[in-house]
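The primary structure of each chain is shown beneath.
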Amino acid sequence: MSTTRPYLPGDRGPEPSGGSGVPGGGAPEGDVAAPPSGAQAAAASMPTGSPEASGPSGSPGGRQVRRLSFEDQSGVVPLARDFTRQALHAWGWLPAATADRRAAAEDVLLVVSELVTNACLHAEGPDQLGIVCDNKVIRLEVTDRGAGQPAPRTPHRAGRPGGHGMFIVQRLCLDWGVVRVQGIAGKTVWAELGVPA
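Report follows, based on the coordinates. (Residues numbered from 1 in each chain as written. Predicted model: local features only at pLDDT ≥ 70, side-chain atom pairs only at ≥ 80, totals over all residues. Heavy atoms only, no water.)

### A word on the overall build of the protein chain
In plain terms, the rule: Only DSSP runs of H or I covering at least 4 residues are called helices, and only runs of E covering at least 2 are called strands; the numbering of each starts at the N terminus. Throughout, a contact is declared for two residues whenever any of their heavy atoms are within 4.5 Å. Only the protein chains shown count as cover for residues, with accessible areas throughout obtained via the Shrake-Rupley method and a probe of 1.4 Å.
Broken down by element type, the protein chain carries four helices and five strands. In the protein chain, the succession of α and β elements from N to C terminus is α-β-α-α-β-β-α-β-β. For the protein chain, the share of sequence-separated contacts (at least 6 apart) that also reach a separation of at least 24 residues comes to 63%. With the model as given, the accessible surface of the protein chain reaches about 9,600 Å², and the carbon-plus-sulfur share is 53%.

Listed below in structure tokens is the structure:
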């Protein structure tokens, strides 16, 4: 079920206070970086140069954060999948010990592909990919400059080409939505999947 929220969902508690996000930029592996709020993520400026990631967060809840800037990059869908696969390896999702864990990792990679592809097709390309993982949920965030509103094609027709991206996201995810910041062009499309047991 798709929702559009002007704020982050509060079902996992409030965001940690006192930390500042490091969107797209240069924190080496292992440095502490608190995830930005939806408004901060959507408003974050992108550094120039090659894609960089912020390291995992050392917050008490076990939250891990990675961010990738797509500025001046080509081949963004494979780049996003590789970046996500590296994060899943670092966080112990891969290599998967069970079929359920392998399926969960493949679902994450598929949702990343769909969100980034939608940004390419409908929103002038993605600006940033954010991946936030805690003990219960992995959250994927793709920020772009597009004004459109993503939605599953209704009615969904499995035999027709195209239009399946948000339908797939809706089916695989616990929840998804869009965060916009008033006065700032673009949006952040987010999706959350459950962490396998």
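### Let's talk about unusual backbone geometry
Let me state the cut-off plainly: Only protein chains enter the accessibility calculation, which uses a 1.4 Å probe; a residue whose area is less than 20% of its type maximum is buried, one above 50% is exposed, and one in between is partly exposed.
Cis geometry marks the peptide bond from Leu 94 to Pro 95, where omega comes out at -5°. Along the chain, Pro 95 falls in the loop between helix H2 (76-90) and helix H3 (99-122). One non-glycine residue, Asp 72, lies in positive phi territory at about 60°. On the basis of relative accessible area, Asp 72 is assigned to the exposed category, the value being 67%. Phi is positive for Glu 124, which is not a glycine, with a value near 65°. With respect to the element layout, Glu 124 can be found in the loop between H3 and strand S2 (126-133).

### A few points about the pattern of salt bridges
Just so we agree on the cut-off: One side-chain nitrogen of Lys or Arg within 4 Å of one carboxyl oxygen of Asp or Glu is enough to make a salt bridge.
Summed over the entire model, instances satisfying the criterion amount to seven salt bridges. When the shortest N-O distance is used, the salt bridge between Arg 139 and Glu 141 registers 2.7 Å. When its relative accessible area of 4% is taken as the criterion, Arg 139 is described as buried. Residue class for Glu 141 comes out buried when judged on its relative accessible area of 5%.

### Concerning the sheet that holds strand S4 (residues 175-179)
Just so we agree on the cut-off: At least two bridges found by DSSP between two strands is the condition for calling them paired. Angles shown run from 0 to 180 degrees and are taken between the N-to-C directions of axes, each axis being a line fitted to C-alpha atoms and, for helices, limited to the stretch in contact.
Pairing within the open sheet is antiparallel, and its five strands lie in the order S1-S2-S3-S5-S4. Of all the strands in the sheet, just strand S1 (64-69) and S4 have a single pairing partner and so form its edges. If you compare each strand with its neighbour and ignore which way they point, the axes differ by 15° on average. Pairing between S4 and strand S5 (residues 187-194): five bridges, direction antiparallel. Paired with Val 178 across the two strands is Val 189, which belongs to S5. Packing against the sheet, H3 makes contact with S2, strand S3 (137-144) and S5, and its axis sits at approximately 15° to S3.

### Overview of the nonpolar core
The line we're drawing: Working definition of a nonpolar core: buried Ala, Val, Leu, Ile, Met, Phe, Trp, Tyr and Cys residues. They are joined through side-chain atoms within 4.5 Å.
Of all hydrophobic cores here, the largest spans 34 residues; its most connected members are Trp 93, Leu 115, Leu 129 and Ile 138. Looking at this core, the elements that each hand over two or more residues are H2, H3, S2, S3, helix H4 (165-172), S4 and S5. Here the element with the most residues in this core is H3; it accounts for nine residues.

### A word on the pairing of S2
Of all the eight residues making up S2, eight are buried; the element is thus mostly covered by neighbouring parts of the structure. Where S1 meets S2, six bridges bridge the pair, whose relative direction is antiparallel. Across the sheet, the residue bridging to Val 65 is Val 132, located in S2.

### Thoughts on the packing of H3 against H4
The cut-off we apply is this: When the near helix sits turned anticlockwise from the far one by under a right angle, the crossing is termed left-handed; a clockwise turn instead gives a right-handed crossing. Note that Gly is not counted as nonpolar here; it falls among the polar residues with everything else outside the nonpolar set of Ala, Val, Leu, Ile, Met, Phe, Trp, Tyr, Cys and Pro and the charged set of Asp, Glu, Lys and Arg.
It is at 9 Å that the axes of H3 and H4 come closest, and there the two elements cross at 145°. Two packed elements cross with a definite hand, and for H3 against H4 that hand is left-handed. Side by side, H3 and H4 meet where Asp 107, Leu 110, Val 111, Glu 114, Leu 115 and Asn 118 of the first sit next to Gly 165, Met 166, Ile 168, Val 169 and Leu 172 of the second. Among the residues forming the contact of H3 with H4, the class breakdown is seven nonpolar, two polar and two charged.

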